[in-house]
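Okay, here's what each chain looks like letter by letter:
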Amino acid sequence: MKSCLIVDDSKVIRKVARHILESMNFSVEEACDGEVALGQVRANRPDVILLDWNMPVMSGMEFLHAFNAMDFGDAERPRVVFCTTENSIDHIRAAIEAGADEYVMKPFDRETLEGKLQLIGIA
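Residues numbered from 1 in each chain as written. Predicted model: local features only at pLDDT ≥ 70, side-chain atom pairs only at ≥ 80, totals over all residues. Heavy atoms only, no water.

### Here's the deal with the overall build of the protein
Quick note on the threshold: Numbering of helices and strands runs from the N terminus, with a helix taken as a DSSP run of H or I at least four residues long and a strand as a DSSP run of E at least two residues long. Just to be clear, the radius of gyration here is over C-alpha atoms, and the globule rule we use is 2.2 Å times residues to the power 0.38. Buried, partly exposed and exposed residues are distinguished by accessible area as a fraction of the type maximum, computed with a 1.4 Å probe on protein chains only: under 20%, between the cut-offs, and over 50%, respectively. Computed with a 1.4 Å probe, the accessible areas rest on the Shrake-Rupley method; for each residue, only the protein chains presented here act as cover. Note that His is not counted, nor are the chain ends; the positive residues are Lys and Arg, and the negative ones are Asp and Glu. In this description, the location of a charge corresponds to atom NZ of lysine, CZ of arginine, CG of aspartate or CD of glutamate.
Helices and strands together make up the secondary structure of the protein, namely five helices and five strands. When the helices and strands of the protein are placed in sequence order, the string is β-α-β-α-β-α-β-α-β-α. Expected size for 123 residues packed as a compact globule is a radius of gyration near 14 Å; at 13 Å, the protein falls within 12% of this value. Projecting the C-alpha coordinates of the protein onto the three principal axes gives extents of approximately 35 × 30 × 25 Å. Counting every position in the protein, which comprises 123 residues, the buried fraction comes to 45%. Carbon and sulfur atoms form 49% of the exposed surface of the protein, whose accessible area is close to 6400 Å². If the 13 positive side-chain charges of the protein are averaged to one point and the 21 negative ones to another, these points end up 3 Å apart.

Spelled out as structure tokens, the structure:
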């Protein structure tokens, strides 16, 4: 079973994403900010991370920079999908250049999320 870590400060977004991912047979963990998420990635390396941009404590970009510094040894690096309302070309470019594998706009539905996960070889 594939695993996903949903990182978002919105309980509603986490709940919606969890519902979609569980219907796709993913096991799901949640984190309310980037700092909590880093600990969870170290403890249970997920296959994919859905990452919000704007969060308290540690933003999505701050998380991504810290995540990129992590050593996964021989294990495959988790894929990262930025999942946010930030839709400018500059934001998308910054996310991809910082190491995100894909980008999805909120609000999203199962079809959109499934398509993005297929693009990065996870679904």
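### Here we look at unusual backbone geometry
Note that the residue after Lys-106, namely Pro-107, is joined by a cis bond; omega there is -10°. By secondary structure assignment, the location of Pro-107 is in the loop between strand 5 (102–105) and helix 5 (110–119). One non-glycine residue, Asn-25, lies in the positive phi region at around 65°. Here Asn-25 is to be found in the loop between helix 1 (11–23) and strand 2 (27–31). With phi around 70°, Val-57 is a residue other than glycine that occupies positive phi space. Residue placement: Val-57 occurs in the loop between strand 3 (48–51) and helix 3 (60–68).

### As for the packing of helix 1 against helix 5
As a reminder of what qualifies: To obtain each axis, a line is fitted to C-alpha atoms, and for helices this fit is confined to the stretch in contact; angles are then taken between N-to-C directions over 0 to 180 degrees. Each helix crossing is assigned a hand: it is left-handed if the near helix lies turned anticlockwise from the far helix by less than a right angle, otherwise right-handed if that turn is clockwise. Contacts are assigned to residue pairs that have any heavy atoms within 4.5 Å of one another. Gly is placed with the polar residues, together with every amino acid not listed as nonpolar (Ala, Val, Leu, Ile, Met, Phe, Trp, Tyr, Cys and Pro) or charged (Asp, Glu, Lys and Arg).
One can describe the packing of helix 1 onto helix 5 by two numbers: an axis separation of 10 Å at closest approach and a directional angle of 65°. Where helix 1 crosses over helix 5, the two elements pack in a sense that is right-handed. Along its contact with helix 1, which presents Ile-20, Leu-21 and Ser-23, the element helix 5 presents Arg-110, Leu-113 and Leu-117. Taken together, the residues of the contact of helix 1 with helix 5 break down into four nonpolar, one polar and one charged.

### Some points on the pairing of strand 5
Cut-off, in case you're wondering: Between any two strands, pairing holds if DSSP finds at least two bridges. We call a crossover right-handed when, viewed with the strands running away from us, the connection from the first strand over the helix to the second turns clockwise.
When strand 4 (residues 79–84) meets strand 5, the two strands line up parallel, connected through four bridges. Residue pairing across strands places Phe-82 opposite Tyr-103, the latter belonging to strand 5. Between the parallel elements strand 4 and strand 5, the chain passes through helix 4 (residues 89–97) in a crossover that is right-handed.

### Some thoughts on helix 3
As a reminder, the rule being used: What the arc covers is the set of directions going from the helix axis to the C-beta atoms.
Taken together, the buried positions of helix 3 are occupied by Gly-60, Met-61, Phe-63, Leu-64 and Phe-67. Along the axis of helix 3, the buried positions cluster into a sector of 155°, meaning they face one direction only. In this structure, the buried residues of helix 3 make contact with helix 2 (34–43), strand 3, strand 4 and helix 4.

### With respect to the packing of helix 2 against helix 3
Rule in force here: Here roughly perpendicular refers to angles of 65 to 115 degrees, roughly parallel to angles under 35, roughly antiparallel to angles over 145, and oblique to all remaining angles.
At a minimum axis separation of 9 Å, helix 2 and helix 3 run at an interaxial angle of 25°. The angle between the axes of helix 2 and helix 3 places the two elements in the roughly parallel class. Handedness of the helix 2/helix 3 crossing: right-handed. Contact residues: helix 2 offers Gly-34, Ala-37, Leu-38 and Val-41, while helix 3 offers Phe-63, Ala-66 and Phe-67.

Just distances and angles here, no functional claims.
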